[in-house]
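Fold and contact review
Residue-level listing of the chains:
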Amino acid sequence: MFTCNELKNINHTYFNILHGGCYSVTLQSKNTKHYWHILHQQYPAFTSCKIYHKHNHHYHLYIRPVKKKMSNMSA
């Protein structure tokens, strides 16, 4: 889940925020006009984000997901 603080840390000099929520955010680059859709995925033992990029008519997966261990894992 994206926190309000994380969403506030997005640099408004470079990006327009088109949509911001707890599980996804869609940005547009002010420079290139490309779109970025960041999808937050949460699992019991880790969190992951998938980043999709659009510069023509279709979104494509930008990078492989990076997994981050959750600090408050329940046993």
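For the structure given in this document, a descriptive report is provided here. This is a predicted model, so every value here is computed, not measured. Numbering of residues starts from 1 in every chain and runs along the sequence as written. Side-chain atom pairs in this predicted model are given and counted only at pLDDT of 80 or more, local residue features only at pLDDT of at least 70, and totals for whole chains, interfaces and linings cover all residues. Based on all heavy atoms of the structure, the side-chain values leave hydrogens and waters out of the count.

**Section: the nonpolar core**
Among buried residues, those of type Ala, Val, Leu, Ile, Met, Phe, Trp, Tyr and Cys that are joined through side-chain atoms within 4.5 Å constitute a nonpolar core. Note on classification: 1.4 Å probe, protein chains only; a residue is buried when its accessible area is under 20% of the maximum for its type, exposed when over 50%, partly exposed between these limits. Listed in full, the six residues of the largest apolar core are Phe2, Ile10, Val25, Leu27, Trp36 and Ile38. Mapped by element, the contributors of at least two residues to this core are β2 (24-29) and β3 (35-42). Throughout, a contact is declared for two residues whenever any of their heavy atoms are within 4.5 Å. Non-local contacts of Val25, meaning those with residues more than four positions away in its chain, are made with Phe2, Leu7, Ile10, Ile17, His19, Gly20, Trp36, His37 and Ile38. Runs of E in the DSSP output that reach at least two residues are strands. Runs of H or I that reach at least four are helices, and both are numbered from the N terminus.

**Some remarks on the packing of aromatic side chains**
Geometrically, a pair of aromatic rings is defined through the distance of the ring centres and the angle of the planes. In this analysis, rings of Phe, Tyr and Trp, with Trp reduced to its six-membered ring, are considered paired at centre separations within 6.5 Å, and the interplanar angle assigns stacked below 30 degrees, edge-to-face beyond 60, and tilted for intermediate values. Applying the stated criterion to the full structure yields zero aromatic pairs. The rule for a charge over a ring is simple: NZ of Lys or CZ of Arg within 6 Å of the ring centre, and within 35 degrees of the ring normal. For Lys54, the ring lying beneath its charged end belongs to Tyr35, and the centroid distance is 5.7 Å.

**Topic: the pairing of β2**
With six of six residues buried, β2 is to be regarded as a mostly interior element. Side chains Ser24, Thr26 and Gln28 of β2 all project onto a buried face; the interleaved residues Val25, Leu27 and Ser29 project onto the opposite face, where all are buried too. Strands are labelled as partners when DSSP assigns at least two bridges between them. Linking strand β1 (residues 15-20) to β2, which pair antiparallel, is a turn of three residues. Where β2 lies against β3, five bridges are found, and the strand directions are antiparallel. Following the sheet pairing, Ser24 is matched in β3 by Leu39. Two successive antiparallel strands, β2 and β3, enclose a turn made up of five residues, where Lys33 displays a positive phi of approximately 70°.

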